[in-house]
Amino acid sequence: MSENTDIKIVDAPDGLQGAGFFATSLEKVIGLARKHSLWPLPFATSCCGIEYMATMGSNYDISRFGSERPSFSPRQADLLMVMGTIAKKMAPVVKQVYEQMAEPRWVIAVGACASSGGIFDTYSVLQGIDRVVPVDVYVPGCPPRPEQILDGLMRVQDLAENESLNRRNSPEYQALLASYNIK
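Residues numbered from 1 in each chain as written. Predicted model: local features only at pLDDT ≥ 70, side-chain atom pairs only at ≥ 80, totals over all residues. Heavy atoms only, no water.

Caption draft 1: Expanded view of the overall build of the protein. What the protein contains, in helices and strands, is six helices and six strands. Secondary structure elements in the protein, listed N-terminal to C-terminal, are β-β-α-β-α-β-α-β-α-β-α-α. Its C-alpha atoms give the protein principal-axis dimensions of about 65 × 40 × 25 Å. Considering the protein as a whole, with its 183 residues, one finds that 40% of them fall into the buried category. Considering only residue pairs separated by 6 or more positions, the protein has 75% of its internal contacts joining residues 24 or more positions apart. Taken as a whole, the protein presents about 10700 Å² of accessible surface, with 56% of it coming from carbon and sulfur. (Helix = DSSP H or I, 4+ residues; strand = E, 2+ residues; numbered from the N terminus. Buried < 20%, exposed > 50% of the residue type's maximum accessible area, 1.4 Å probe, protein only. Contact = heavy atoms within 4.5 Å. Areas by Shrake-Rupley, 256 points an atom, 1.4 Å probe, with all protein chains shown as cover.)

Okay, here's the thing in structure tokens:
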């Protein structure tokens, strides 16, 4: 019998196990559930939105990561994906959408325009959405490839899985929201 070295078996998470049972902490179970059930709200204004549409297609299939249900209501979403150029007139709208989302919530800035204003260094373009809402993951590119968007989603999944249940109530997090004038 030959050994197949291509198959890799991952170790079980920390916990207690025995014959017919496995026990772990509630925080790890909630983190695992959050990781695989992110509901994105796509806020797409430009060409990055087209790349996001390709990411939702069958070639890249974002549903493999538990995000097959895009939510167009902020009250039912926990991941804000800002894609494309955001004009300064749109900044209050982005902030309002973020404020309407329930905790825990994460934000991805997709593409150069959402991250830093891109090539549009003008009076009317917001030079990065991190001026109005806190950003968790930046996806570079103009426009970024669908693989990059999926990589950004996986980075948010890592954040969701490993985030402490009490982090959102911490003084540091409250200070971060206060610095953006978010209640």
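Caption draft 2: Main features of helix α5 (residues 146–162). Compared with an ideal rise of 1.5 Å per residue, which puts 17 residues at 24 Å, α5 spans 25 Å between its outermost C-alpha atoms and is within 8% of the ideal. Those residues of α5 that fall on the buried side of the exposure criterion are P146, I149, L150, G152, L153, V156, Q157 and A160. One face of α5 carries all of its buried residues, which in axial projection span an arc of 155°. On its buried face, α5 sits against α1 (26–35), α2 (47–56), β4 (79–83), β5 (106–110) and β6 (137–139). (Expected span 1.5 Å × (residues − 1). Arc of directions from axis to C-beta.)

Caption draft 3: Local environment of the sheet that holds strand β3 (residues 40–44). Read from one edge to the other, the open sheet built from four strands follows the order β3-β4-β5-β6, with strand pairing classed as parallel. Strands at the two margins of the open sheet, each flanked by one partner only, are β3 and β6. Strand after strand, the sheet turns through a mean of 20° between neighbouring axes, direction not considered. Taken together, the five bridges between β3 and β4 define a ladder with parallel strand orientation. (Pairing = 2+ DSSP bridges. Axes fitted to C-alpha atoms, helices over the stretch in contact; angles between N-to-C directions.)

Caption draft 4: Spotlight on the environment of I86. Among the structural elements, I86 can be located in the loop between β4 and α3 (91–100). Sequence spacing of I86 and I129 is 43 residues, and the spatial spacing of their C-alpha atoms is 7.5 Å. What I86 contacts, discounting residues up to four positions off in sequence, is F43, T45, A91, V94, V125, L126 and I129.

Caption draft 5: Representation of the pattern of salt bridges in the model. Summed over the entire model, instances satisfying the criterion amount to nine salt bridges. With a shortest N-O distance of 2.9 Å, R168 and E163 are connected by a salt bridge. Residue classification places R168 among the buried positions, given a relative accessible area of 9%. Three or more residues joined by partner-sharing salt bridges are found here, namely R34, E103, R105, E163, R167 and R168. (Salt bridge = Lys/Arg side-chain N within 4 Å of Asp/Glu carboxyl O.)

Caption draft 6: Molecular detail of unusual backbone geometry. Residue P104 is reached from E103 by a cis peptide bond, and omega for that bond is -5°. Mapped onto the secondary structure, P104 falls in the loop between α3 and β5. In this chain, C142 is followed by P143 through a cis amide linkage whose omega measures -15°. Turning to its location among the elements, P143 is positioned in the loop between β6 and α5. With a phi angle near 50°, D61 is a residue other than glycine that sits in the positive phi range. Tracing the backbone shows D61 in the loop between α2 and β4. Classification of D61 as partly exposed rests on a relative accessible area of 26%. A positive phi is found at N181, a non-glycine position, where the angle reads about 60°.

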